[in-house]
Amino acid sequence: MEKTWRWFGKKDPITLEMLRQIGMEGIVTALHDVPNGEVWTLDAILELKNYIESGGLRWSVVESLPVSESIKYGGKDRERLIENYITGLANLGKAGVKTVCYNFMPVIDWIRTDLHRKNADGTYTLFFDKIRFAYFDCFILKRKNAEKDYSSEEMEQVYALDKTITEAEKDELIHTIIVKTQGFINGNIREGDQNPVAIFNRLLALYDGIDKAQLRENMKYFLERVIPTAEKYGVNLCVHPDDPPFPVLGLPRIVTSEEDIDWFLNAVDSPNNGLTFCAGSLSSGLHNDVPALAKRFAGRTRFVHLRSTDVEKNGNFVEASHLGGRGHLIELVRIFEKENPNLPMRVDHGKLMLDDIHKSYNPGYSFLGRMYALAQVDGIMATVRNEMALKTFL
Ligand code: DNO
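Small disclaimer: the values here were computed from a predicted structure and weren't measured. (Residues numbered from 1 in each chain as written. Predicted model: local features only at pLDDT ≥ 70, side-chain atom pairs only at ≥ 80, totals over all residues. Heavy atoms only, no water.)

**Some words on unusual backbone geometry**
Put simply, the rule reads: Numbering goes from the N terminus for both helices and strands, where a helix is a DSSP run of H or I of at least four residues and a strand is a run of E of at least two. Relative accessibility thresholds used throughout: buried, under 20% of the residue-type maximum; exposed, over 50%; partly exposed, between the two (1.4 Å probe, protein chains only).
The residue after Glu 63, namely Ser 64, is reached through a cis peptide bond having omega -5°. Considering the arrangement of structural elements, one finds Ser 64 in the loop between β3 (58-63) and α3 (69-73). A cis amide bond links Asp 243 with the next residue in sequence, Pro 244, at an omega value of -5°. By secondary structure assignment, the location of Pro 244 is in the loop between β7 (236-239) and α10 (258-267). In the Ramachandran plot, Asn 186 falls in the positive-phi region, its phi being about 60° despite a non-glycine side chain. Asn 186 sits in the buried class, given a relative accessible area of 7%. Positive phi, close to 55°, is recorded for His 349, a residue that is not glycine. With respect to the helices and strands, His 349 occurs in the loop between β12 (344-347) and α14 (367-393).

**What to know about the side chain of Ser 283**
Convention followed: For the purposes of these results, a polar contact is taken to be a pair of N or O atoms within 3.5 Å, where, inside protein, one atom must be able to donate a hydrogen and its partner to accept one; residues adjacent in sequence count only when each atom of the pair is a side-chain atom.
Its place among the elements puts Ser 283 in helix α11 (residues 279-283). There is a polar contact of 3.0 Å between the side chain of Ser 283 and the backbone oxygen of Gly 280.

**Overview of the sheet that holds strand β2 (residues 26-29)**
Stated formally: Pairing between two strands is assigned when DSSP locates at least 2 bridges connecting them. Helix axes use the C-alpha atoms of the stretch in contact, all axes being lines fitted to C-alpha atoms, and the angles between their N-to-C directions lie in the range 0 to 180 degrees. Should any heavy atoms of two residues lie within 4.5 Å, those residues are considered in contact.
Strand order in the closed barrel made by the eight strands is β1-β2-β3-β4-β7-β8-β9-β12, with parallel pairing throughout. Each strand axis lies, on average, 30° off the axis of its neighbour in the sheet, ignoring direction. Here strand β8 (residues 273-278) runs beside strand β9 (residues 301-306); their pairing, made up of four bridges, is parallel. Across the sheet, the residue bridging to Leu 275 is Thr 301, located in β9. In the packing of α10 onto the sheet, contacts are made with β7 and β8, and the angle to β8 comes to roughly 155°.

**A closer look at the packing of α10 against helix α12 (residues 290-297)**
As a reminder of what qualifies: Between 65 and 115 degrees an angle is taken as roughly perpendicular, under 35 as roughly parallel, over 145 as roughly antiparallel, and anywhere else as oblique. With the far helix as reference, a near helix turned anticlockwise by less than a right angle produces a left-handed crossing, and one turned clockwise produces a right-handed crossing. Think of it as three bins: nonpolar holds Ala, Val, Leu, Ile, Met, Phe, Trp, Tyr, Cys and Pro, charged holds Asp, Glu, Lys and Arg, and polar takes everything else, Gly as well.
Between α10 and α12, the shortest axis-to-axis distance is 11 Å and the interhelical angle comes to 20°. The angle between α10 and α12 places the two elements in the roughly parallel class. Note on packing geometry: the crossing formed by α10 with α12 is right-handed. Residues Glu 258, Ile 261, Asp 262 and Leu 265 of α10 form the contact with α12, whose own contacting residues are Leu 293, Arg 296 and Phe 297. Of the residues assigned to the contact of α10 with α12, the class counts are four nonpolar, no polar and three charged.

**Description of the side chain of Ser 281**
When you line up the elements, Ser 281 lands in helix α11. We classify Ser 281 as buried; its relative accessible area is 0%.

**Considering the sheet that holds strand β6 (residues 124-128)**
Consider a sheet: its strands pair through backbone hydrogen bonds, and that pairing is either parallel or antiparallel. Reading across the sheet, the four strands line up as β5-β6-β11-β10 and stay open at both edges, with antiparallel pairing between neighbours. Looking at which strands have only one partner, the edges of the open sheet turn out to be β5 (114-118) and β10 (309-311). Strand-to-strand twist of the sheet, defined as the mean angle between neighbouring strand axes without regard to direction, takes the value 35°. Bridging between β10 and strand β11 (residues 317-319) involves three bridges; their strand directions are antiparallel. From the neighbouring strand, Thr 309 faces β11, where its bridge partner is Glu 319.

Shown next as structure tokens:
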């Protein structure tokens with residue numbers, strides 16, 4: 001696999017020079033300043049591509065070319081937005097940037113409730129607490145009938161939390177779930193937006209009446225429109241799994257399991273319609289056997305995210321060491337190195353540690369934690385390649 005790194009553009013405090021020193025081969029980035037839904041022009045793409053190349057690296061993957069909400073819920077302006085998407089894809093193809101990650105999660109991208117969960121060794125990691133999330137849903141968003149989505153035992157804990165939670169903790173929860181984790185990835189809500197809860201509730205309302213079948217229908221419609229352009233320019237589109245991989249806040253999620261992946265790959269059966277194999281997202285659903293998914297879908301995987309999680313019985317999950325947890329990254333490296341060896345791979349997230357603890361990196365994307373995880377993954381890759389070489393000689 002090709003070693004790549006998610007870099008947030010020229011304003012990123014982690015420079016291309018730093019990335020070359022730690023052995024990076026490719027860059028994963030996006031035109032972060034272009035508002036969601038607007039065309040990515042050839043000029044803007046080439047300008048960033050040249051900058052990356054002048055730093056001695058290549059632009060391997062776009063993460064992400066975002067899909068506008070209206071395409072996902074099937075709004076009035078979806079045709080115009082799909083046209084803009086197609087133009088952006090064609091421009092990427094013309095510029096030679098040929099792997100494009102996106103997601104099809106309604107309203108909210110990845111979800112965590114705690115960005116500073118302290119580990120015993122003093123480092124910090126990202127955490128999802130089901131009860132706090134249910135509290136956000138029932139008591140902060142006040143979504144109609146939200147309680148019905150949780151068991152009575154869970155609701156008892158939510159009511160108990162309501163008696164002790166402070167106003168500051170509530171603000172922190174809002175900031176974590178819908179602002180801090182979303183803004184930097186071209187999400188719907190950005191730092192500084194006034195009344196994020198009201199904005200968020202307006203977005204949720206757009207999905208009234210959209211169930212899993214309808215969302216699938218809308219994804220299929222999108223793929224049928226964009227894949228011919230991807231084929232024409234040799235671009236590999238690869239959808240990111242839903243994180244976490246289950247329905248949330250009354251919204252359907254449709255890239256969560258083996259059955260879902262099988263569905264979208266067949267909805268438009270083209271090699272240019274592929275998967276971003278995010279081991280972290282997939283592993284946070286107890287229904288997923290991550291190595292089995294890798295074996296089955298390696299041939300249609302176009303980009304790999306290496307990260308792992310530990311899941312508790314109650315559904316809480318924590319981002320685990322890259323050497324442990326349900327992601328089984330050692331096994332995944334064996335599978336991908338054998339089945340599809342040239343895939344771009346990035347180490348996804350890392351713990352917050354050492355000098356980085358007081359720096360304001362995007363959550364999950366600190367320098368030292370990711371570098372540490374990269375060193376572990378690098379070791380796995382070297383070991384696996386060695387195993388493979390020995391097998392040919394024996
Ligand atoms: C979070 C990321 C996601 C991912 C998008 C891809 O760390 O894994 O935000 O980039 O879902 O479209």
